[in-house]
Amino acid sequence: EEGGVATNIKSNDEAIEIGLESIEKAGYKPGDDMMIAMDAAASEFFDSKEGVYHFHKSDGRKIESEAMVDYWKTWVDKYPIFSIEDGLDEDDWKGWAALNQSFGDRCQLVGDDLFVTNTERLSRGIKEGSANSILVKVNQIGTLTETINTVNMAHRAGYTSVMSHRSGETEDVTIAGPREGAVAMANFFFEDVDATVAGEGTEYLIDVELPTGRYQLLGFMDIDGNGADTMDPDEGDPVTLPIGNYH
């Protein structure tokens, strides 16, 4: 479902090298035309009993959190890696903070298992400086409202948000947009697009002109703890838009 390839290789580095070679054979230049984004799924090879990351599918090494951070830094130094998802175990909070401190300024560090689209876990991550991006899955948290709240919290903290396609679990257009065929939430700045807003309170009907066409979307503005609208469209503030069958 996600284009997985089970290639007979001898090391993790060989997998990257094959990917880079494929980019070049397709006529592109790694690092210029294309970058690498990966999902390491580190919780799958973290041994919670021993507290180590066990490379049981490759060279059999067992390394602790600090060494795992260094491992990823070496890769980011060596290869054109733009994004690493779940580079550490879901409960390795100290390690995630160290990872972000080490090279978070030049690589997107996405928390999927770490945050599970949950504002409580995300709030802890923001306070501790863990990761700088969140993977978003509606089915992880259960409702669109909670999903939107999570995305807004992430953006207020300067985190990016990566929307998961959710592998065809539903045909409901509120989750699987007809054009995108996946969970889709777009984050626009009014100063960057041609947009007009009509509505009252916190729910707006927004006409947006994009390169792919004009869309009419249902938008939700951020609300602070007192229930007041904290965002002003005239100031170029971001609006979170669940894209569905609105156009």
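Everything quoted here is computed from the prediction, not taken from an experiment.

## What about the environment of I36?
Part 1 of the argument: Secondary-structure assignment places I36 in strand 1 (residues 36-39).
Part 2 of the argument: For I36, a relative accessible area of 12% corresponds to the buried category.

## Looking at the nonpolar core
Part 1 of the argument: With 36 residues, the main nonpolar core has M68, W72, I81 and I84 as its most contacted residues.
Part 2 of the argument: Elements that contribute at least two residues to this core include exactly helix 1 (12-25), strand 1, helix 2 (65-78), strand 5 (81-85), helix 3 (93-103), strand 7 (133-136) and helix 6 (144-156).
Part 3 of the argument: Of the residues forming this core, the biggest block, six residues, is contributed by helix 2.
Part 4 of the argument: Discounting residues that sit within four places of it in the chain, W72 has contacts with M38, A40, I84, G87, L99 and F103.

## Things to note about the side chain of E85
Part 1 of the argument: Tracing the sequence through the fold places E85 in strand 5.
Part 2 of the argument: The residues touching E85, leaving out its near neighbours within four places in the chain, are M38, D39, A40, A41, V110, D112 and L135.

## Notes on the packing of helix 4 (residues 119-128) against helix 6
Helices that pack against each other are described as a pair by the angle of their axes relative to one another and the distance between those axes.
Part 1 of the argument: Contact geometry for helix 4 and helix 6: axes closest at 10 Å, N-to-C directions at 10°. Between helix 4 and helix 6, the crossing angle belongs to the class labelled roughly parallel. Contacts between helix 4 and helix 6 involve T119, L122, S123 and I126 from the first element and N149, T150, M153 and A154 from the second.
Part 2 of the argument: Considering only residue class, the contact of helix 4 with helix 6 consists of four nonpolar, four polar and no charged.

## Examining the confidence of the model for the protein
Part 1 of the argument: The predicted model of the protein averages 76 in pLDDT, with 64% of residues at 70 or higher.
Part 2 of the argument: Considering each helix and strand of the protein separately, the mean pLDDT is smallest for strand 9 (residues 185-189), with a value of 42, and largest for helix 3, with 98.
Part 3 of the argument: Predicted confidence is poor over residues 176-204, with pLDDT under 50, and the contacts of this stretch with residues over four places away or in other chains come to 90 contacts.
Part 4 of the argument: For residues 220-247, every residue scores under 50 in pLDDT, and the model assigns this stretch 79 contacts once sequence neighbours within four places are set aside.

## Some thoughts on the pattern of salt bridges
Part 1 of the argument: Per the counting criterion, the structure on display carries ten salt bridges.
Part 2 of the argument: With its nearest N and O atoms 3.3 Å apart, the salt bridge here joins D32 to K29.
Part 3 of the argument: With a shortest N-O distance of 2.9 Å, K137 and D112 are connected by a salt bridge. In this pair, K137 sits in the loop between strand 7 and helix 5 (138-141) while D112 sits in the loop between strand 6 (108-111) and helix 4, placing the two residues 25 residues apart along the sequence. Take K137 and D112: they sit in the same class, and that class is buried.
Part 4 of the argument: Within this structure, K73, D77 and R106 form a network of salt bridges that share partners.

Parameters and conventions
Residues numbered from 1 in each chain as written. Predicted model: local features only at pLDDT ≥ 70, side-chain atom pairs only at ≥ 80, totals over all residues. Heavy atoms only, no water. Helix = DSSP H or I, 4+ residues; strand = E, 2+ residues; numbered from the N terminus. Buried < 20%, exposed > 50% of the residue type's maximum accessible area, 1.4 Å probe, protein only. Core = buried A, V, L, I, M, F, W, Y, C linked by side-chain atoms within 4.5 Å. Contact = heavy atoms within 4.5 Å. Axes fitted to C-alpha atoms, helices over the stretch in contact; angles between N-to-C directions. Parallel < 35°, antiparallel > 145°, perpendicular 65-115°, else oblique. Nonpolar A, V, L, I, M, F, W, Y, C, P; charged D, E, K, R; others polar. pLDDT = per-residue confidence, 0-100. Salt bridge = Lys/Arg side-chain N within 4 Å of Asp/Glu carboxyl O.

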